Amino acid sequence: MFNQPVIIASNNLDKTAELIACLQQFQVAAKFYQDLIPRVSFPSEGTTDYVVNARTKAQFISQKLPQEFILGDDSGMILSAFPNRFGVQTSRQLTAYPTDADKNHYLIQLIAGKNRNVQLRTDLILQTPQHSYHGFGVFKGTFSQEERGQNGYGFDKILIPDGESRALAELTDSEKFPYLHRTKAVKNLLEKVANNDYENY
């Protein structure tokens with residue numbers, strides 16, 4: 001689809017690796033931006049809009065690499081039990097819990113005895129030298145009552161996709177990828193690019 005690799009605008013190594021793997025599922029090559037330039041500090045993220053945050057990251061790196069195809073993202077968690085918490089501020093509201101296990105155990109305790117439904121959403125902005133494209137994807141599922149599986153990071157050990165009995169981290173990569181919010185966002189983004197459905201803002 002592209003004659004050059006997509007460059008991931010993120011300092012989160014796990015997220016970068018997952019986005020690269022998701023793009024590879026669609027035969028799109030991708031690289032970490034630090035393969036091209038030294039590490040940078042991104043502008044502070046806003047607290048209300050996933051798309052603005054993703055666009056800010058993409059455009060920030062695009063200014064430094066104006067001929068590249070730059071991919072920025074933002075994601076968040078929506079809990080049915082606490083609809084007014086987390087969302088676009090998920091990572092900031094969980095900074096008191098330094099490890100993945102700490103975050104997972106906190107969330108398991110938080111929703112104990114409550115509605116276990118959860119969504120994760122990702123918004124992607126692909127900034128090319130000519131246009132900007134927006135992709136969107138949502139994971140829908142429930143929380144497990146304990147960490148399960150080893151094939152994953154972050155929330156993968158406590159998220160069970162709708163229609164599944166196993167947590168994401170208990171699935172193989174080929175089983176897991178179709179459920180991921182980032183995979184769905186990549187698929188939606190590539191459809192927009194194929195249709196030349198770019199953003200006007």
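See above for the structure.
Residues numbered from 1 in each chain as written. Predicted model: local features only at pLDDT ≥ 70, side-chain atom pairs only at ≥ 80, totals over all residues. Heavy atoms only, no water.

Q: For the nonpolar core, give the residues involved together with the corresponding values.
A: Counting residues in hydrophobic clusters, the biggest one holds 40 residues, and the most contacted among them are L71, L79, L107 and F143. Elements with a contribution of two residues or more to this core: strand 1 (6–8), helix 1 (13–25), strand 3 (69–79), helix 4 (100–110), strand 4 (117–127), strand 5 (132–143) and helix 6 (181–194). The next biggest cluster of nonpolar side chains, apart from the first, holds 15 residues, and it includes A9, I37, V51 and F60. (Core = buried A, V, L, I, M, F, W, Y, C linked by side-chain atoms within 4.5 Å. Buried < 20%, exposed > 50% of the residue type's maximum accessible area, 1.4 Å probe, protein only. Helix = DSSP H or I, 4+ residues; strand = E, 2+ residues; numbered from the N terminus.)

Q: Any details on helix 2 (residues 50–64)? Residues and values, ideally.
A: For helix 2, spanning 15 residues, the distance from its first C-alpha to its last is 22 Å, which sits close to the expected 21 Å at 1.5 Å a residue. For helix 2, the N-terminal cap is D49; the gap from its side-chain oxygen to the backbone nitrogen of V51 is 2.9 Å. (Expected span 1.5 Å × (residues − 1). Polar contact = N/O pair within 3.5 Å; in protein donor to acceptor, adjacent residues only side chain to side chain.)

Q: Outline the sheet that holds strand 3, listing residues and values.
A: The strand order 2-1-3-4-5-6 describes an open sheet built from 6 strands, whose pairing is mixed. Whereas interior strands pair on both sides, the edge strands pair on one side only; in this sheet they are strand 2 (30–32) and strand 6 (159–161). Taken pair by pair, the neighbouring strands of this sheet meet at an average axis angle of 40°, ignoring direction. Where strand 3 meets strand 4, 10 bridges bridge the pair, whose relative direction is antiparallel. Looking at the pairing, S75 lines up with T122 of strand 4. Along the sheet, helix 1 contacts strand 1, strand 2, strand 3 and strand 4; its crossing angle with strand 2, the most-contacted strand, is approximately 170°. The strands touched by helix 2 within the sheet are strand 3, strand 4 and strand 5, with strand 3 carrying the most contacts at an inclination of about 155°. (Pairing = 2+ DSSP bridges. Axes fitted to C-alpha atoms, helices over the stretch in contact; angles between N-to-C directions. Contact = heavy atoms within 4.5 Å.)

Q: Let's hear about the packing of helix 1 against helix 6: which residues, and what values?
A: The interhelical angle for the contact between helix 1 and helix 6, taken along N-to-C directions, is 50°, at an axis separation of 9 Å. Looking at the two axes, helix 1 sits oblique to helix 6. Crossing angle aside, the handedness with which helix 1 passes helix 6 is right-handed. Touching K15, E18, L19, C22 and L23 of helix 1 are R182, T183 and V186, all from helix 6. In terms of residue class, the contact of helix 1 with helix 6 is built from 4 nonpolar, 1 polar and 3 charged. (Parallel < 35°, antiparallel > 145°, perpendicular 65-115°, else oblique. Left-handed = near helix turned anticlockwise from the far one by under 90°. Nonpolar A, V, L, I, M, F, W, Y, C, P; charged D, E, K, R; others polar.)

Remember, this is a structural readout, not a statement about activity or role.
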